Amino acid sequence: MDDDAQASFRLIEKLNQMLLNRGITLAVTVVPSKMETHREQLPDHFKISRYMTEFNDRLTTTLRNKGVQVIDLKKSLREAALADIDNPVFYRLDTHWTHSGAMAAAKAIQKGIESNQILKKAFDATPVTAYKLVWKSQKTRHARARDITNFLPPDTPRYPPEETLKFSVQQANGPNSRLLGELDGGEFALVGSSFSGDWTGFPDALRFVLQRKVFNMSVRVADTGPWAVMRAYLQDDAFQRATPKFILWEIPDRSIGLGPNYKFRVARYKTEPSEWLLQVAALIEPDCELANLA
């Protein structure tokens, strides 16, 4: 692992310990690259580097050795990609997962929780809320799911919108929880990147698969990065007034080594690692001692 990734792991380790001191369980899940998940679609002459193919395994091992609970998505997404080639896990023109990919990821999260005694204990302490899911009978056109095309030459012919399957999720009893239930926070929180945006279907997939209310604090602004989003959640009333039992932190693999002070990050989201650590410590442990952060 390179130095930047190791620095990120140390921050995650310290954050995890602070949350544990408050009786809060953290689970980290890293979104693997689209290139690995759909590698059979790469050109024959293109070879994924050994560093990339081993990154997820080494990341998982390193964090677990530091006492951090990790849920691996790589194997489950790859299996889903091979199981149904007509319903891709990632958009063809975009780096994000489709609703099919989001559902595969949610099922992997469920499996990861059920197979981990620490995570299962924290999860079982959260209240059940019944949700129902309906897959649409026809594929939906996605005109905006095309971030990869931003890197093509200006004279490249415009690709037509993709069509993929989508689902809708609603609370089984009472009003639609999207409107009333999740906005107040709760025992289960999702803190994530644009992969956790409502448009991807991932928060709703979690609600259905886990049968839990899920408070979603995900990236709403480009270049925010995982550190600013986690800090924003800890500042939010969803954490300060409704302390969760379980936090799922979703981070894309391409972001894990880009620390709070990543040089290309927008200035207002840029923070020195030591300052970020002090900020989150003040939010989690108001009475913390500086010596504990060394």
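Above: the structure in question.
No experiment lies behind these values; they were computed from the predicted model shown. (Residues numbered from 1 in each chain as written. Predicted model: local features only at pLDDT ≥ 70, side-chain atom pairs only at ≥ 80, totals over all residues. Heavy atoms only, no water.)

(A) Broad picture of the packing of helix α1 (residues 3-21) against helix α11 (residues 273-284). The N-to-C vectors of α1 and α11 enclose an angle of 10°; their axes lie 10 Å apart at closest approach. The orientation of α1 with respect to α11, classified from their angle, is roughly parallel. Across from Leu-11, Lys-14, Leu-15, Met-18 and Leu-19 in α1, the residues of α11 making contact are Pro-273, Trp-276, Leu-277, Val-280, Ala-281 and Ile-284. The residue inventory of the contact of α1 with α11, partitioned by class, reads ten nonpolar, no polar and one charged. (Axes fitted to C-alpha atoms, helices over the stretch in contact; angles between N-to-C directions. Helix = DSSP H or I, 4+ residues; strand = E, 2+ residues; numbered from the N terminus. Parallel < 35°, antiparallel > 145°, perpendicular 65-115°, else oblique. Contact = heavy atoms within 4.5 Å. Nonpolar A, V, L, I, M, F, W, Y, C, P; charged D, E, K, R; others polar.)

(B) Structural view of the nonpolar core. With 38 residues, the main nonpolar core has Leu-15, Tyr-233, Ile-247 and Trp-249 as its most contacted residues. Ignoring sequence-local partners within four residues, the contact set of Leu-15 consists of Leu-26, Met-230, Leu-234, Trp-249, Trp-276, Val-280 and Ile-284. In this structure, Ala-27, Ala-105, Phe-188 and Leu-190 belong to the second largest nonpolar core, which totals 35 residues. (Core = buried A, V, L, I, M, F, W, Y, C linked by side-chain atoms within 4.5 Å. Buried < 20%, exposed > 50% of the residue type's maximum accessible area, 1.4 Å probe, protein only.)

(C) How the structure looks around the packing of aromatic side chains. Scanning the entire structure with this criterion turns up twelve aromatic pairs. Relative to Phe-167, the ring of Trp-135 lies with its centre 5.0 Å away and its plane at 80°, an arrangement referred to as edge-to-face. One end of the pair, Trp-135, is in strand β3 (residues 131-135); the other, Phe-167, is in strand β6 (residues 167-171), and 32 residues separate them in sequence. Owing to a relative accessible area of 6%, Phe-167 belongs among the buried residues under this scheme. Between Tyr-233 and Phe-239, the ring centres sit 5.7 Å apart and the planes meet at 70°, which makes this aromatic pair edge-to-face. A single burial state applies to Tyr-233 and to Phe-239, both of which are buried. One aromatic cluster in this structure is built from Phe-90, Trp-97, Phe-195 and Phe-202. Lying over the aromatic face of Phe-123, Arg-212 brings its terminal NZ or CZ to 4.0 Å of the ring centre. (Phe/Tyr/Trp six-rings, centres within 6.5 Å; stacked < 30°, edge-to-face > 60°. Lys NZ or Arg CZ within 6 Å of the ring centre and 35° of its normal.)

(D) Geometry of helix α5 (residues 99-114). Over its 16 residues, α5 extends 23 Å from the first C-alpha to the last, a length consistent with the 22 Å expected when each residue adds 1.5 Å. The element α5 is largely enclosed, with a buried count of twelve among its 16 residues. Of all the positions in α5, only His-99, Ser-100, Gly-101, Ala-102, Met-103, Ala-104, Ala-105, Ala-106, Ala-108, Ile-109, Gly-112 and Ile-113 are classed as buried. (Expected span 1.5 Å × (residues − 1).)

(E) Fine view of the pairing of strand β7 (residues 188-192). By the criterion of burial, β7 is predominantly enclosed, with five of the five residues buried. Residues Phe-188, Leu-190 and Gly-192 line one face of β7 and the alternating positions Ala-189 and Val-191 line the opposite face, and both faces are buried. Alignment of β7 against strand β9 (residues 246-252), held across four bridges, turns out to be parallel. Bridging across to β9, Ala-189 finds its partner in Ile-247. In this sheet, strand β8 (residues 215-218) lies alongside β7 in parallel orientation, the contact comprising four bridges. Bridge assignment links Ala-189 to a residue of β8, and that residue is Phe-215. (Pairing = 2+ DSSP bridges.)

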